[in-house]
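The primary structure of each chain is shown beneath.
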Amino acid sequence: QLQLVESGGGLVQPGGSLKLSCATSGFTLAPYAIGWFRQAPGKEREGVSCISSLGDTTKYADSVKGRFTVSRDNVKNSVYLQMNNLKPEETGIYYCAADRGPFCTIISRTGYDYWGQGTQVTVSS
């Protein structure tokens, strides 16, 4: 099984920034498209961003465009989500997920077969 581990979450003030990481051990992430999802309290899990296996294509939810950046580093075997100008409504648990195909989507969770445990992001003053 491909095991994903998210890190980098924490408490940040509105307008602040966080950088999340998604990493693996024992397997390479290179063949997988990686998606980032979040789940706020009482709400459904939603797609935030994703990056293709080659890293040449990225997608973002409209609500985060211009503020979030997804990237990957195959040498470090990690995928990152840089989050800037965070808003209180973006509080929630952030998950990374791996898709066996080369391309990614943030519209559906279908195809994402492997999920991390999530990392808590709290945006509050």
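Source: prediction; values computed, not measured.

### Quick word on the side chain of Ser52
Here is step 1 of the chain: The topology assignment puts Ser52 in the loop between β5 (46-51) and β6 (58-60).
Here is step 2 of the chain: A polar side-chain atom of Ser52 sits 2.7 Å from a polar atom in the side chain of Asp56.
Here is step 3 of the chain: Sequence-distant contacts of Ser52, that is, excluding residues within four places in its chain, are made with Ala33, Thr57, Arg72, Pro102 and Cys104.

### Describing the nonpolar core
The nonpolar side chains of soluble globular proteins are, as a tendency, buried together.
Here is step 1 of the chain: Grouped together as the largest cluster of nonpolar side chains are 34 residues, with contacts concentrated most on Leu4, Ile34, Trp36, Phe68, Val79, Leu81 and Met83.
Here is step 2 of the chain: Listed by contribution, the elements that provide at least two residues to this core are β3 (18-24), β4 (33-39), β5, β7 (68-73), β8 (78-83), β9 (92-99), β10 (112-115) and β11 (119-123).
Here is step 3 of the chain: If we skip the residues at most four places from it in the chain, Leu81 touches Leu18, Lys19, Leu20, Trp36, Val48, Ser49, Phe68, Thr69, Val70 and Tyr94.

### Examining the state of the cysteines
Here is step 1 of the chain: Scanning the entire structure with this criterion turns up two disulfides.
Here is step 2 of the chain: Paired through a disulfide, Cys22 and Cys96 show a sulfur-sulfur distance of 2.1 Å. On the sign convention where negative means left-handed, the S-S torsion of about 70 degrees between Cys22 and Cys96 marks this disulfide as right-handed. Of this pair, Cys22 sits in strand β3 while Cys96 is found in strand β9, placing the two residues 74 residues apart along the sequence. Both residues of the pair, Cys22 and Cys96, count as buried.
Here is step 3 of the chain: Cysteine pairing for the protein chain, with bonded cysteines counted in sequence order: 1-3, 2-4.

Calculation criteria
- Residues numbered from 1 in each chain as written.
- Predicted model: local features only at pLDDT ≥ 70, side-chain atom pairs only at ≥ 80, totals over all residues.
- Heavy atoms only, no water.
- Helix = DSSP H or I, 4+ residues; strand = E, 2+ residues; numbered from the N terminus.
- Polar contact = N/O pair within 3.5 Å; in protein donor to acceptor, adjacent residues only side chain to side chain.
- Contact = heavy atoms within 4.5 Å.
- Core = buried A, V, L, I, M, F, W, Y, C linked by side-chain atoms within 4.5 Å.
- Buried < 20%, exposed > 50% of the residue type's maximum accessible area, 1.4 Å probe, protein only.
- Disulfide = S-S within 2.5 Å.

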